[in-house]
Amino acid sequence: MEDRADQSGNVLEFRLPDLGEGLADAELVSWSVAVGDAVELNQTIAEVETAKAVVALPSPFAGRVVELLAQPGETVLVGAPLIRVQNDEAEAEQAGGANGAEVSSDAPGAGRTAVLVGYGPEGEAMSRRRRPVAAVTEADSRQGPNGAPAENRQAVAPEGESVDAPADSTESVAARPRDSTTDDARDSEDDVAESLSDGTRPQLTTTRAAATPAARKLARELGIDLWFVAGSGPGGAVTVEDVRGAVPVSQPRTSASRPETAAATDTGEPAREVRTPISGVRKRTAAAMVASARTIPQASTFVTLDCTASMELIDHLRTTKSFAGLTLTPLALVAKSALAALREFPGINTYWDEANQEIVTKHYVNLGLAVATERGLLVPNIKDAHSLSLRDLTREIGWLAETARSGGASPADLRGGTFTITNVGVFGVDTGVPLVNPGEAAILCLGSIRKRPWVFRDELAIRSVTTLGISFDHRMIDGELASRFLATVASLLEDPLTLLSRI
């Protein structure tokens with residue numbers, strides 16, 4: 001970057017904070033500022049996407065932008081530097097006391113830690129992070145604090161030796177050459193924690209697959225991208241066996257080298273192919289689906305039912321005061337029926353703990369709902385949905401779907417699901433075979449509801465008919481259990497008044 005701090009000023013470095021939910025990285029979506037811009041306290045400087053949620057980052061201090069240390073589309077590790085802002089010493093001291101930034105200075109009392117605005121009080125985990133420091137001037141490179149020789153400073157290497165760029169350097173991260181071996185070693189979350197604790201500066205990376213060292217070495221030799229390999233080791237880490245079973249793929253190019261839309265030909269004809277970078281929601285969804293297909297042995301079963309009584313009940317409830325202002329849909333009644341059936345069949349609300357070799361049964365239901373958005377498929381979940389009435393469930397479904405479509409779903413909304421429902425019927429599809437979400441044991445699929453000929457009370461009649469399907473983890477759910485659960489849901493929808501005996 002051209003603009004850098006002069007010797008009389010201080011450069012404050014803002015690192016990607018821990019946004020919660022144990023996230024290890026985030027993808028930079030866009031910058032709201034540019035080099036040379038003046039920024040104010042709490043002004044939005046960037047948007048990052050993490051765990052399928054877009055989060056606006058406020059500036060923890062005021063000043064002038066000196067450097068942007070990441071490019072849109074890049075994945076940044078928690079604790080890695082994002083931006084540098086120049087401020088004079090008085091402003092920096094004030095910002096450091098109020099906004100959680102730290103300034104490295106030779107003066108006594110510098111380098112204090114405070115709270116980052118918008119992210120709550122500092123916890124013990126913050127002690128792992130290395131302090132952002134002021135820009136190093138030419139005089140500083142020759143002389144340490146209080147006149148100490150430069151060789152006593154940790155960031156300066158002895159003559160004739162080379163070290164990684166120090167954390168207080170103003171050199172852009174994007175400009176540094178990176179070795180592929182070092183990049184791979186930084187992919188795992190364990191490496192992230194280690195680099196934060198020992199003070200080394202985390203680098204930007206385009207992948208984040210956790211893997212054993214032996215698996216990384218083999219993946220490099222075979223030309224396999226670890227991002228596309230689902231791990232079966234502890235915590236989902238990729239093992240040597242996972243790599244051997246993977247199909248070799250080319251290493252992905254950086255987002256900067258891949259145009260989102262192919263340019264037209266010289267003759268003015270539109271390009272025959274368009275290449276779109278795999279990032280954001282699509283990248284995370286792909287990883288989850290690959291993990292589901294590779295690690296979960298899945299089976300499916302279906303039932304077709306007459307839901308005329310349910311549709312009549314829905315039409316009646318829509319006219320009552322209790323549901324005034326709410327959009328009651330068949331999905332809400334299906335969800336309520338599924339929640340009632342889960343009480344009778346708790347074995348459906350489980351997950352397989354590979355690391356501990358245990359089947360975990362949950363006596364609460366965080367109901368996931370598959371929502372199609374402009375950014376891709378999201379699966380937010382309603383916490384403790386089993387305790388909600390049909391009215392409350394209707395309200396939560398409407399709110400959660402709207403929040404997800406508008407991009408306002410938080411990481412907490414998207415984590416912790418125990419059972420999921422997907423509604424392909426809204427697209428006019430009769431049924432489907434969805435993949436089980438990793439960390440769950442089953443997913444229920446609701447098809448379209450159509451008027452069809454149906455034998456009712458020994459006579460042919462036109463009835464509202466739909467098909468339900470369930471995909472399940474066959475390691476812990478047998479066909480009998482899945483079929484009995486699905487039949488129970490179907491019976492409740494055929495005669496919804498029987499729900500009264502179960503709620």
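Criteria and cut-off values
Residues numbered from 1 in each chain as written. Predicted model: local features only at pLDDT ≥ 70, side-chain atom pairs only at ≥ 80, totals over all residues. Heavy atoms only, no water. Core = buried A, V, L, I, M, F, W, Y, C linked by side-chain atoms within 4.5 Å. Buried < 20%, exposed > 50% of the residue type's maximum accessible area, 1.4 Å probe, protein only. Helix = DSSP H or I, 4+ residues; strand = E, 2+ residues; numbered from the N terminus. Contact = heavy atoms within 4.5 Å. Pairing = 2+ DSSP bridges. Axes fitted to C-alpha atoms, helices over the stretch in contact; angles between N-to-C directions. Phe/Tyr/Trp six-rings, centres within 6.5 Å; stacked < 30°, edge-to-face > 60°. Parallel < 35°, antiparallel > 145°, perpendicular 65-115°, else oblique. Left-handed = near helix turned anticlockwise from the far one by under 90°. Nonpolar A, V, L, I, M, F, W, Y, C, P; charged D, E, K, R; others polar. pLDDT = per-residue confidence, 0-100. Polar contact = N/O pair within 3.5 Å; in protein donor to acceptor, adjacent residues only side chain to side chain. Expected span 1.5 Å × (residues − 1).

Draft legend 1. How the structure looks around the nonpolar core. Counting residues in each nonpolar core, the largest one holds 48 residues, and the members touching the most others are F419, I421 and F485. Looking at this core, the element that brings in the most residues is helix 9 (residues 330–344), giving ten residues. Look past the residues within four positions of F485 in its chain and what remains in contact with it is A338, A341, L342, F345, I348, F419 and I470. Judged by nonpolar contacts, the second largest core, of 24 residues, contains W31, V33, V39 and V85.

Draft legend 2. The sheet that holds strand 4 (residues 44–50), seen in detail. Read across the sheet, four strands follow the order 5-4-2-7 without closing on themselves; strand pairing throughout is antiparallel. With partners counted over all chains shown, the strands left at the sheet margins are strand 5 (53–58) and strand 7 (75–77), one partner each. Going from strand to strand, the sheet's axes swing by 40° on average, the running direction of each strand aside. When strand 4 meets strand 5, the two strands line up antiparallel, connected through six bridges. Within strand 5, the position partnered with A46 by the bridge is L57.

Draft legend 3. Examining the environment of R282 more closely. Position of R282 among the secondary structure elements: in helix 7 (residues 280–295). Along the backbone, R282 and G376 are 94 residues apart, and their C-alpha atoms lie at a distance of 6.1 Å. Leaving out residues up to four positions away in the same chain, R282 has contacts with R375 and G376.

Draft legend 4. Summary view of the packing of aromatic side chains. Throughout the structure, instances matching the rule amount to two aromatic pairs. Aromatic side chains F345 and F485 sit 6.5 Å apart centroid to centroid with 85° between the ring planes, which places their arrangement in the edge-to-face category. A residue pair is termed long-range when its members are at least 10 positions apart, and F345 in the loop between helix 9 and strand 10 (350–353) and F485 in helix 11 (residues 479–494) qualify at 140 residues. The burial state of F345 is the same as that of F485; both residues are buried. Relative to F485, the ring of F419 lies with its centre 5.8 Å away and its plane at 75°, an arrangement referred to as edge-to-face. Separated by 66 residues along the polypeptide, F419 in strand 16 (residues 419–423) and F485 in helix 11 bring together distant segments of the chain. Among the aromatic residues, those joined into a ring-pair cluster are F345, F419 and F485.

Draft legend 5. Looking closely at the packing of helix 9 against helix 10 (residues 390–405). Interhelical geometry of helix 9 versus helix 10 gives an angle of 120° and a closest axis separation of 9 Å. As judged from the angle between their axes, helix 9 and helix 10 are oblique. Considering the relative orientation of helix 9 and helix 10, their crossing is right-handed. Across the interface between the two elements, L331, A332, L333, A335, K336 and L339 from helix 9 touch L390, L393, T394 and I397 from helix 10. Its residues assigned to classes, the contact of helix 9 with helix 10 comprises eight nonpolar, one polar and one charged.

Draft legend 6. How the structure looks around the pairing of strand 18 (residues 450–456). Examined bridge by bridge, strand 18 and strand 19 (residues 459–473) share seven bridges and lie antiparallel to one another. The residue bridging P453 from the neighbouring strand is I462, located in strand 19. Taking the residues that link successive antiparallel strands as the turn, the strand 18-strand 19 hairpin has two residues, and the phi of R457 there is positive, at about 55°.

Draft legend 7. Broad picture of the sheet that holds strand 3 (residues 38–39). The strand order 1-8-6-3 describes an open sheet built from four strands, whose pairing is antiparallel. Two strands close off the open sheet at either side, each with one partner strand: strand 1 (10–15) and strand 3.

Draft legend 8. Focus on the confidence of the model for the protein chain. Model confidence for the protein chain is summarised by a mean pLDDT of 75, while 67% of its residues fall at 70 or above. Predicted confidence for residues 95–208 stays below pLDDT 50, and this span has 195 contacts to residues more than four positions away or in other chains. Counting contacts from residues 247–265, a segment whose pLDDT is below 50, to residues more than four positions away or on other chains yields 33 contacts.

Draft legend 9. Layout of the side chain of T467. Looking at the element boundaries, T467 is found in strand 19. With relative accessibility at 11%, the residue T467 sits in the buried group. Within polar-contact distance, the side chain of T467 engages the side chain of T304 at 3.1 Å.

Draft legend 10. Broad picture of helix 10. Look at helix 10: 23 Å from first C-alpha to last across 16 residues, which is about the 22 Å you get at 1.5 Å a residue. A positive backbone phi angle near 85° is found at G407, which sits one or two residues after helix 10.

Draft legend 11. Region of interest: helix 11. Its 16 residues give helix 11 an end-to-end C-alpha distance of 22 Å, which sits within 8% of 22 Å, the value for a rise of 1.5 Å per residue. Listed as buried for helix 11 are A482, F485, L486, T488, V489, A490, L492 and L493. Looking at the buried side of helix 11, the elements it contacts are strand 9 (298–306), helix 8 (308–318), helix 9, strand 16, strand 17 (442–446) and strand 19.

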